[in-house]
Amino acid sequence: MRRLIVSEFISLDGVVEAPGGEPGHPHTGWVFAYHGPEIEAYKLRELQEAEAMLLGRITYEGFAEAWPSRTGELANRLNAMPKLVVSSTIGSPLTWANATVLAADPVPAVTELKRDDDGPILVHGSATLARELLEADLVDELRLMVFPVLVGGGKGLFPTSYRKATFTLAGSEPVLPDVVALTYSRAA
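> Please give an account of the packing of helix H4 (residues 106–114) against helix H5 (residues 127–135) that cites residues and values.
One can describe the packing of H4 onto H5 by two numbers: an axis separation of 10 Å at closest approach and a directional angle of 70 degrees. With respect to H5, the axis of H4 lies roughly perpendicular. For the pair H4 and H5, the crossing hand works out as right-handed. Where H4 approaches H5, its residues Pro106, Val107 and Val110 are matched on the opposing element by Leu129, Glu132 and Leu133. Looking at the contact of H4 with H5, its residues break down into five nonpolar, no polar and one charged.

> Can you tell me about the packing of helix H1 (residues 37–49) against helix H3 (residues 73–80), naming the residues and giving the values?
Relative to each other, H1 and H3 sit at 30 degrees, their axes nearing to 10 Å. The pairing of H1 with H3 is recorded here as roughly parallel in orientation. Crossing of H1 over H3 shows left-handed handedness. For the pair H1 and H3, the contacting residues are Glu40, Lys43, Leu44, Leu47 and Gln48 in the first and Glu73, Leu74, Arg77 and Leu78 in the second.

> Please provide a residue-by-residue account of unusual backbone geometry, values included.
Its identity as a non-glycine residue notwithstanding, Asp137 has a phi of 65 degrees, on the positive side. Assignment of secondary structure puts Asp137 in the loop between H5 and strand S6 (141–147). Take Asp137: its relative accessible area is 43%, and that puts it in the partly exposed class. Here Tyr162, not a glycine, exhibits a phi torsion of approximately 65 degrees, which is positive. Along the chain, Tyr162 falls in the loop between S6 and strand S7 (167–176).

> Can you tell me about the nonpolar core, naming the residues and giving the values?
With 24 residues, the main nonpolar core has Leu4, Leu54, Val123, Leu133, Leu142 and Leu157 as its most contacted residues. When contributions to this core are tallied by element, the ones reaching two or more residues are strand S1 (4–11), strand S3 (83–86), H4, strand S5 (121–124), H5 and S6. By residue number, the principal contributor to this core is H5, which donates five residues. Other than its neighbours up to four places away in sequence, Leu54 contacts Leu4, Leu84, Val86, Leu102, Val110, Ile121, Leu122, Val123, His124, Ser126, Leu129 and Leu133. One finds Leu47, Ala50, Ala75 and Leu78 within the second-largest nonpolar core, a separate group that totals 19 residues.

> Describe the pairing of S1, naming the residues involved and giving the relevant values.
Burial analysis of S1 places seven of its eight residues in the buried class, the great majority of the element. Note that S1 and S6 share seven bridges and pair parallel. Paired with Glu8 across the strands is Leu144, a residue of S6.

> So, the packing of aromatic side chains: which residues are in play, and what are the values?
Overall, the coordinates contain five aromatic pairs when judged by the stated rule. Ring geometry for Phe9 versus Phe147: centroids 5.3 Å apart, planes at 85 degrees, classification edge-to-face. Here Phe147 lies in strand S6 and Phe9 lies in strand S1, a separation of 138 residues in the sequence. Exposure remark for Phe147: the relative accessible area of 0% places this residue in the buried category. Put simply, the rings of Phe9, Trp30, Tyr34 and Phe147 touch in pairs and so form one group of aromatic residues. Looking at Arg70, its charged tip hangs above the ring of Trp67, at a distance of 4.5 Å from the centre. Seen from the ring of Trp96, Lys83 lies directly overhead, with NZ or CZ sitting 4.4 Å from the centre.

> Outline the environment of Pro26, listing residues and values.
Looking at where Pro26 falls in the secondary structure, it is placed in the loop between S1 and H1. Spatially, the C-alpha atoms of Pro26 and Pro82 are 33 Å apart, while their sequence positions differ by 56 residues.

Parameters and conventions
Residues numbered from 1 in each chain as written. Predicted model: local features only at pLDDT ≥ 70, side-chain atom pairs only at ≥ 80, totals over all residues. Heavy atoms only, no water. Axes fitted to C-alpha atoms, helices over the stretch in contact; angles between N-to-C directions. Helix = DSSP H or I, 4+ residues; strand = E, 2+ residues; numbered from the N terminus. Parallel < 35°, antiparallel > 145°, perpendicular 65-115°, else oblique. Left-handed = near helix turned anticlockwise from the far one by under 90°. Contact = heavy atoms within 4.5 Å. Nonpolar A, V, L, I, M, F, W, Y, C, P; charged D, E, K, R; others polar. Buried < 20%, exposed > 50% of the residue type's maximum accessible area, 1.4 Å probe, protein only. Core = buried A, V, L, I, M, F, W, Y, C linked by side-chain atoms within 4.5 Å. Pairing = 2+ DSSP bridges. Phe/Tyr/Trp six-rings, centres within 6.5 Å; stacked < 30°, edge-to-face > 60°. Lys NZ or Arg CZ within 6 Å of the ring centre and 35° of its normal.

See below:
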């Protein structure tokens, strides 16, 4: 069975919206002050462990605009790996290499994908999609890179349904002096 891994940049107050300069948030780009080779190295390791990426439409469109023209190990891995996009509104064919539309309803599609014996599926960003997958109890691992920033509001990651889900701390890694990556696995 495939593992589904959700990886997010997250602020101290639980915001995952607009870490990389996406429009619409008053504090967009809140990770820029911390970005550097250490974060890129962590993200590259994460991508090398995954077989495919699962993205929501908004994250896909941002990535598809930013990454195809870039080079280097991180860009090469992002550009080469299979990308599954959850959307009912995106046009087809998709312009980024190895990208396909998965389905408008991610729960049955991801449930089916997880039955395969292929490698892990990595969800980057895509907060709405990640929240829906958490709500459906499909997430096997959470990787949260916590930044020492309070942004005062914005889209969060976690469902508000009062349904309890238990995870176990599987690892912690200081990425920068003030930034830590926490890995939580679904409790047995």
